[in-house]
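Here are the chains, one letter per residue:
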Amino acid sequence: MSSSLKALFSVCAIAAASAAYADAQMLNLYSARHYSTDEELYNGFTKATGIKINRVDSDDAGIIARLKAEGQSSPADVILLVDAARLYRGEVDGLFQPIRSKPLEDVIPANLRAHPAADGSISWFGLSTRARVIVYNKAKVKPEDVATYESLADPKFKGQLCIRSGSHPYNLSLFGTMVEHLGEQKAEAWIKGMTANLARTPKGGDIDQIKGVASGECTIGVSNSYYLARLMRSAKPEDQAVAAKVGVVFPNQSSWGTHLNIAGGAVARHAKNKDNAIKFLEYLASPVAQNYFANGNNEWPAARNVELDNPALKTMTQGKPFKSETIPISAAGRNQVKVQQMLDRAGFQ
Ligand code: FE
């Protein structure tokens, strides 16, 4: 390589590196969301503000590991994760910087964001919600028999329950809030009861549980609402056939309500473009962005008073609002270690 070419390369390298530092027109986003519909949303932000987004995609665990490895030199300004317990983990591990934002505090309900610090600053905000629902085989089970999460442990369902790994964040979060609702002793008995009811060693994702219920390998299962909505809206006849065989219950309508998990965002601890990061989170909480952000993955907006027009979700809820739990979702993270120990004792993989 000629020396002038080498010089040119090193200039480019310096330019690329400096993009990781303060730049009024730049935002470095680490995202665990992988929905093509989000792309347009990001473009909308750039159009409205002139701020360009550099995006790094990974899953929740990958992003947390990367932030830890990068430490102070991390270029990340803003982070999007898809589980409450993981957001809580990021907070406890000091990966975020708490912020004050009137627009976010005004619209995102207190139970869907981090517990405020002594000075009122908040580590992370939920931006969309997903319900953890019970699915059942319509030919074999009546919805009233699975009206509650507690019923998943009913001995009459011995060998009939399909659910993904207990250690998956979606289950750890559900079980973590159950510890809050039931108390530790009853929650552990519930986990043991579910373990006895397993139709098979937990495997696959939520869609695989829905398919197991449809095929009759199990009669009841647990899934996030958007996976069922995805099957309902799919153009593939085989997906529609699966969706047609299963019914859905939003559990615990007569008690504390259905468990909601969140996808949410936070400003990175070492953000060089903090103002842009806050602007971005505020943009995502705006009504238009909320609708788009949630709808793209068949979720519900986290912000108050945002109307959503999604046919699959409407069908699923029969057009009516459902009751959801109101305890702070950070309980999901706080109870995670306890829940993992209960799962180990029960032999729930
Ligand atoms: Fe998911």
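Up top is the structure these notes are about.
Throughout what follows, the structure given in this document is the object of discussion.

Cut-offs used in this document
Residues numbered from 1 in each chain as written. Predicted model: local features only at pLDDT ≥ 70, side-chain atom pairs only at ≥ 80, totals over all residues. Heavy atoms only, no water. Salt bridge = Lys/Arg side-chain N within 4 Å of Asp/Glu carboxyl O. Helix = DSSP H or I, 4+ residues; strand = E, 2+ residues; numbered from the N terminus. Buried < 20%, exposed > 50% of the residue type's maximum accessible area, 1.4 Å probe, protein only. Arc of directions from axis to C-beta. Contact = heavy atoms within 4.5 Å. Phe/Tyr/Trp six-rings, centres within 6.5 Å; stacked < 30°, edge-to-face > 60°.

1. With respect to the pattern of salt bridges
And step 1. Taken as a whole and assessed by the stated rule, the structure comprises 19 salt bridges.
And step 2. Close ionic contact of Arg130 with Glu299 constitutes a salt bridge, the shortest N to O distance being 2.6 Å. In this pair, Arg130 is assigned in strand 4 (residues 125-137) and Glu299 in the loop between helix 12 (287-295) and strand 9 (300-301), connecting sequence segments 169 residues apart.
And step 3. A relative accessible area of 0% places Arg130 in the buried class.
And step 4. Residue Glu217 pairs with Arg200 through a salt bridge whose shortest N-O separation is 2.7 Å. You can see Glu217 sitting in the loop between helix 8 (206-215) and strand 6 (220-224) and its partner Arg200 sitting in the loop between helix 7 (184-197) and helix 8, a full 17 residues away along the chain.
And step 5. By relative accessible area, Glu217 is classed as partly exposed at 43%.
And step 6. Residues joined by salt bridges that share partners form a network here, namely Arg33, Asp38, Arg130 and Glu299.

2. Digging into helix 2 (residues 36-49)
And step 1. Among all positions of helix 2, only Asp38, Leu41, Tyr42 and Phe45 are buried. Along the axis of helix 2, the buried positions cluster into a sector of 100 degrees, meaning they face one direction only. More than 90 degrees from the buried face of helix 2, the exposed residues found are Ser36, Glu40 and Lys47.
And step 2. Lining the buried residues of helix 2 we find strand 1 (26-31), strand 2 (52-57), strand 3 (78-81), helix 11 (274-284) and helix 12.
And step 3. At the exit of helix 2 stands Gly50, carrying a positive phi of roughly 80 degrees.

3. Focus: the packing of aromatic side chains
And step 1. Inspection of every chain in the model, using the stated rule, returns 9 aromatic pairs.
And step 2. Aromatic pair Tyr42 and Phe280: ring centres 5.9 Å apart, planes at 45 degrees, arrangement tilted. Of the two residues, Tyr42 sits in helix 2 while Phe280 sits in helix 11, which places them 238 residues apart along the sequence. As far as the burial class goes, Tyr42 and Phe280 line up, both buried.
And step 3. When the ring of Phe250 is compared with that of Phe322, the centres are 4.5 Å apart and the planes differ by 40 degrees; the resulting orientation is tilted. Of this pair, Phe250 sits in the loop between strand 7 (246-249) and strand 8 (260-267) while Phe322 sits in the loop between helix 13 (311-316) and helix 14 (330-334); the two residues are 72 residues apart in sequence, bridging distant segments of the chain.

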